[in-house]
2 protein chains.
Amino acid sequence: MNLKQLSEHLKLSQTTVSRALNGYPEVSEATRQRVLKAAQDLNYRPNTRAKGLATGRSMAIGHVIPVSTQHEMVNPVFGDFIAGAGEIYSREGYDMVLSLIADRDEASAYQDIRSRGMVDGIIVHGPVINDVRIAMLSRIGLPFVVHGRSTDVNLPYSWVDVNNRGAFERGTQFLIELGHRRIGLLNGLEHMDYAFRRRSGYERALAAQGLAPDPALMRSAEMTEIYGYRAAREMLMLGDAPTAFLCSSIITAIGVRRAVHEAGLTLARDVSVITFDDELSYLQNGDDVPIFTALRSSVRQAGRQAADMLLSLIARPKDAPGSQLLEADLIIGRSTGPAPR
Amino acid sequence: MNLKQLSEHLKLSQTTVSRALNGYPEVSEATRQRVLKAAQDLNYRPNTRAKGLATGRSMAIGHVIPVSTQHEMVNPVFGDFIAGAGEIYSREGYDMVLSLIADRDEASAYQDIRSRGMVDGIIVHGPVINDVRIAMLSRIGLPFVVHGRSTDVNLPYSWVDVNNRGAFERGTQFLIELGHRRIGLLNGLEHMDYAFRRRSGYERALAAQGLAPDPALMRSAEMTEIYGYRAAREMLMLGDAPTAFLCSSIITAIGVRRAVHEAGLTLARDVSVITFDDELSYLQNGDDVPIFTALRSSVRQAGRQAADMLLSLIARPKDAPGSQLLEADLIIGRSTGPAPR
DNA sequence: CGGGTTTTCCAAAGCGCTTTGAAAGAGGTT
DNA sequence: AACCTCTTTCAAAGCGCTTTGGAAAACCCG
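Attention here is on the structure that accompanies the text. Since the structure is predicted, the reported quantities are computational estimates derived from the model, not experimental observations.

What about the protein's contact with DNA strand D?
Phase 1 of the analysis: Inspection of the region around DNA strand D gives 29 residues, with A:Thr15, A:Glu26, B:Leu3, B:Ser18 and B:Arg19 positioned closest.
Phase 2 of the analysis: Here, DNA strand D places atoms within 4 Å of the protein, and 58% of those atoms are sugar or phosphate.
Phase 3 of the analysis: Within the backbone of A:Ser13, an N or O atom sits 2.6 Å from a phosphate oxygen of DNA strand D.
Phase 4 of the analysis: Side-chain polar atom of B:Ser18 to a phosphate oxygen of DNA strand D: 2.6 Å apart, as the coordinates give it.
Phase 5 of the analysis: Listing elements by their share of the surface near DNA strand D, those giving two or more residues are helix H2 (14-21) and helix H4 (48-55) of chain A together with helix H2 (14-21) and helix H4 (48-55) of chain B.
Phase 6 of the analysis: Of the residues forming the surface near DNA strand D, the biggest block, five residues, is contributed by H4(B).

Here we look at the sheet that holds strand S7 (residues 218-220) of chain B
In a beta sheet, neighbouring strands are held together by backbone hydrogen bonds and run either parallel or antiparallel to one another.
Residues and elements named next belong to chain B.
Phase 1 of the analysis: Read from one edge of the open sheet, six strands run S7-S6-S8-S9-S10-S12, paired in mixed fashion. Each end of this open sheet is capped by a strand with a single partner; those strands are S7 and strand S12 (329-331). The average undirected angle you get between the axes of adjacent strands in this sheet is 15 degrees.
Phase 2 of the analysis: This element, helix H11 (residues 250-262), spans strand S6 (183-187), strand S8 (244-247) and strand S9 (272-277) of the sheet and lies at about 160 degrees to S9.

Some thoughts on the environment of A:Gly86
Phase 1 of the analysis: For A:Gly86, the position within the fold is in helix H5 (residues 77-92).
Phase 2 of the analysis: It is 15 Å that separates the C-alpha atoms of A:Gly86 and A:His147, two residues lying 61 residues apart in sequence.
Phase 3 of the analysis: If we ignore the near neighbours within four places in the chain, the residues touching A:Gly86 are A:Met96 and B:Leu100.

Let's talk about the pattern of salt bridges
Phase 1 of the analysis: Considering all chains together, one arrives at 48 salt bridges over all chains under this definition.
Phase 2 of the analysis: B:Asp240 is paired through a salt bridge with B:Arg182; the nearest N and O atoms lie 3.3 Å apart. Placement of B:Asp240 in the loop between helix H10 (225-236) and S8 and of B:Arg182 in the loop between helix H8 (164-177) and S6 is noted, with a sequence separation of 58 residues between them.
Phase 3 of the analysis: Close ionic contact of B:Arg199 with B:Glu190 constitutes a salt bridge, the shortest N to O distance being 3.3 Å.
Phase 4 of the analysis: One network of salt bridges, in which partners are shared, links A:Asp80, A:Glu87, A:Arg300 and A:Arg304.

Structural notes on the sheet that holds strand S1 (residues 60-67) of chain B
Phase 1 of the analysis: Taking strand neighbours across the sheet as the criterion, the 12 strands line up as S11(A)-S5(A)-S4(A)-S3(A)-S1(A)-S2(A)-S2(B)-S1(B)-S3(B)-S4(B)-S5(B)-S11(B) in an open arrangement whose pairing is mixed. Across the chains shown, the open sheet's two edge strands, defined by having one partner strand only, are strand S11 (323-326) of chain A together with strand S11 (323-326) of chain B. For this sheet the average axis-to-axis angle between neighbouring strands, irrespective of direction, equals 20 degrees.
Phase 2 of the analysis: Two elements, strand S3 (residues 121-124) of chain A and strand S4 (residues 144-147) of chain A, share three bridges in a ladder whose sense is parallel. Across the sheet, residue A:Val124 finds its bridge partner in S4(A), namely A:Val146.

Considering the protein's contact with DNA strand C
Phase 1 of the analysis: Neighbouring DNA strand C are 29 residues; A:Leu3, A:Ser18, A:Arg19, B:Ser13 and B:Thr15 lie closest to it.
Phase 2 of the analysis: Taking the atoms of DNA strand C that fall within 4 Å of the protein, sugar and phosphate contribute 61% of them.
Phase 3 of the analysis: Here a phosphate oxygen of DNA strand C sits 3.0 Å away from a polar atom, N or O, in the main chain of A:Asn47.
Phase 4 of the analysis: Take B:Thr16: an N or O atom from its side chain is 3.0 Å from a phosphate oxygen of DNA strand C.
Phase 5 of the analysis: Of all elements in the fold, only H2 and H4 of chain A together with H2 and H4 of chain B reach the threshold of two or more residues within the surface near DNA strand C.
Phase 6 of the analysis: Among the elements that line the surface near DNA strand C, the one with the most residues is H4(A), at five residues.

Description of the side chain of B:Thr275
All names here are of chain B.
Phase 1 of the analysis: With respect to the element layout, Thr275 can be found in strand S9.
Phase 2 of the analysis: For Thr275, the side chain forms a polar contact with the main-chain nitrogen of Ile250, separated by 3.3 Å.
Phase 3 of the analysis: Other than its neighbours up to four places away in sequence, Thr275 contacts Cys247, Ser248, Ser249, Ile250, Ala253, Phe292, Thr293, Ala294 and Leu295.

Description of the relation of the copies chain B and chain A
Phase 1 of the analysis: The two copies are related by a screw operation: chain B maps onto chain A through 180 degrees of rotation and 0.0 Å of translation along the axis, at an RMSD of 0.0 Å. A rotation of that kind, with that shift, is consistent with a two-fold axis. Distance from the rotation axis, computed per C-alpha, reaches its smallest value in chain B at B:Val97: 2.1 Å.
Phase 2 of the analysis: When the interface residues of chain B are mapped onto chain A, 100% of them again lie at the interface, so the same face is used by both copies.

What counts and how
Residues numbered from 1 in each chain as written. Chains lettered and ligands numbered in written order. Predicted model: local features only at pLDDT ≥ 70, side-chain atom pairs only at ≥ 80, totals over all residues. Heavy atoms only, no water. Near = heavy atom within 4 Å. Polar contact = N/O pair within 3.5 Å; in protein donor to acceptor, adjacent residues only side chain to side chain. Helix = DSSP H or I, 4+ residues; strand = E, 2+ residues; numbered from the N terminus. Pairing = 2+ DSSP bridges. Axes fitted to C-alpha atoms, helices over the stretch in contact; angles between N-to-C directions. Contact = heavy atoms within 4.5 Å. Salt bridge = Lys/Arg side-chain N within 4 Å of Asp/Glu carboxyl O. Least-squares fit on C-alpha atoms with pLDDT ≥ 70 in both.

Shown next as structure tokens:
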């Protein structure tokens, strides 16, 4: 069933039917109702491609996931982010298209996306420090919103990010106030912008108390469970082992917990752990009392806000880029306590 | 840059340029090279929508994620599945479009997808027992592959699934052979087909040894960490507590481990745990020696196979539906041991 | 060199929609 | 009744590509 058939069936022109369907005023209410009814009955849906061709808009948003060739991990945060974004898209009638692109041919990939015209805008995931994609996309002129930010990029661009530096500064400071002096940092990959910021927050808090960061207590890797486990185990075997850990992900924190238990130690009493908590739906951090003391910020909410921002950017391309800095809450759970003596 | 401009620039007709670009034989090698070179230099990319309109194919695959209104969780398995499928798609030049659809308007949603013509085929996620979507899609005539199967659906359809029943039967049997008699089942939601099959495998193994399933030891819920924790904690407080658990997800198993530790017990020695392991990239089950004894099957691989199957179904729609049953390996880790006496 | 074959290229139609510019119809005014 | 103004409807062009049905050019061979 297409427009032509529908209009023939109604004995109206395609123009009128199209207008009736799209809510234009120059069609009488009576015929509009008649058209709507027929469309409903005959199960008519306009063809997306044809509509896109005619209007120049595709009603779809692209999400570009960089798939690193060496670390071919899917960021666990991703699922919840797009769930959030998807809520907004479906409300506004947008589709979501995913492009997994290998990092080596990113350069052409964005050009491609632009000229192939599949999407009206894109969300950029996983920005690194000084991310070239931002300049590239600005030049290309495709509306985009970055989930995160990119240090050293001085162009204006739209982003939604959590205050990573502030959060880790606060977490570190909280541990210091509990008397901890040796604090392990189990960070994500530090070429990623968020991880870079987290480390700088950690270092700032240490510096504020006159503590020197110890490279032996600072790790950076993909945030898997096993990374948390290994790093914590190794650090706990040091002569001057840390009494606390700051983790970039609840998954890593779970690995830390495993190492702590295996070493015969008890969380909070012997070793404190604070983790960043993205509020992943399948890894809730406890219910009434959180398992881990955490810096909490909902990635699903970030998805919603990024989507919202992108859609309004598409609606009003002349607007100045917006930005949104989300604060992470420090929530006290059962994994922190005063430093042992 | 569009075809018209490119052809004018080359002083050729659009036809010839199009043919040269798409590898048709009726164009001389010399002009083909010339066209290819110009396209490259001028950064020409055919417009997807226009191409789709003209060819009737959209070169995109839809993934429909049912977003339950009450349990609005994103299945953690999803990320790795699409990573696998995405590999195939990008190799074959397909895009991936995600539709999160609320379960209440599923009926119309598939019709929509079909008539809006955004995709050439779809992957159906999360089939339940007697899933109505299968009949619906068959009727609509849109190629599809189900990730999983649906008990009680008697139509032929294409699917890729892991042998859930066999896996859980084997896991249960393994525990029984270790001397366990009270075995807790921490299953996923049992209206989901995979969970239903897992339970039936569990029950079958019990029955084979003349053991009666005890409803007090069987739970069914969304596979979160906290669910594993709570369920295990409660069962461990029973008068005749289970000495082993069978978990549907490594995430749930992590919750069980937490409950076991909290109860002052030791994994393998006091309580055994076997889990299904989808080989999630951020939750590797150990490295050399697995943490958990597990039934392992890569969901990423399943994604690849489902994508492959769908693409060939699209290429040859007349083919009979195919199917692929993946076997899960039983791998021995550090979470199982002989039943304590 | 003329006729047939093959190669190379092209004009135009069509995919399903929106939208412009214009015409027809209805209603009101003098 | 003639004129004007809204309202309602329409025919046709256009979005960027593919593809059909030919035509022109090149080639081959007796």
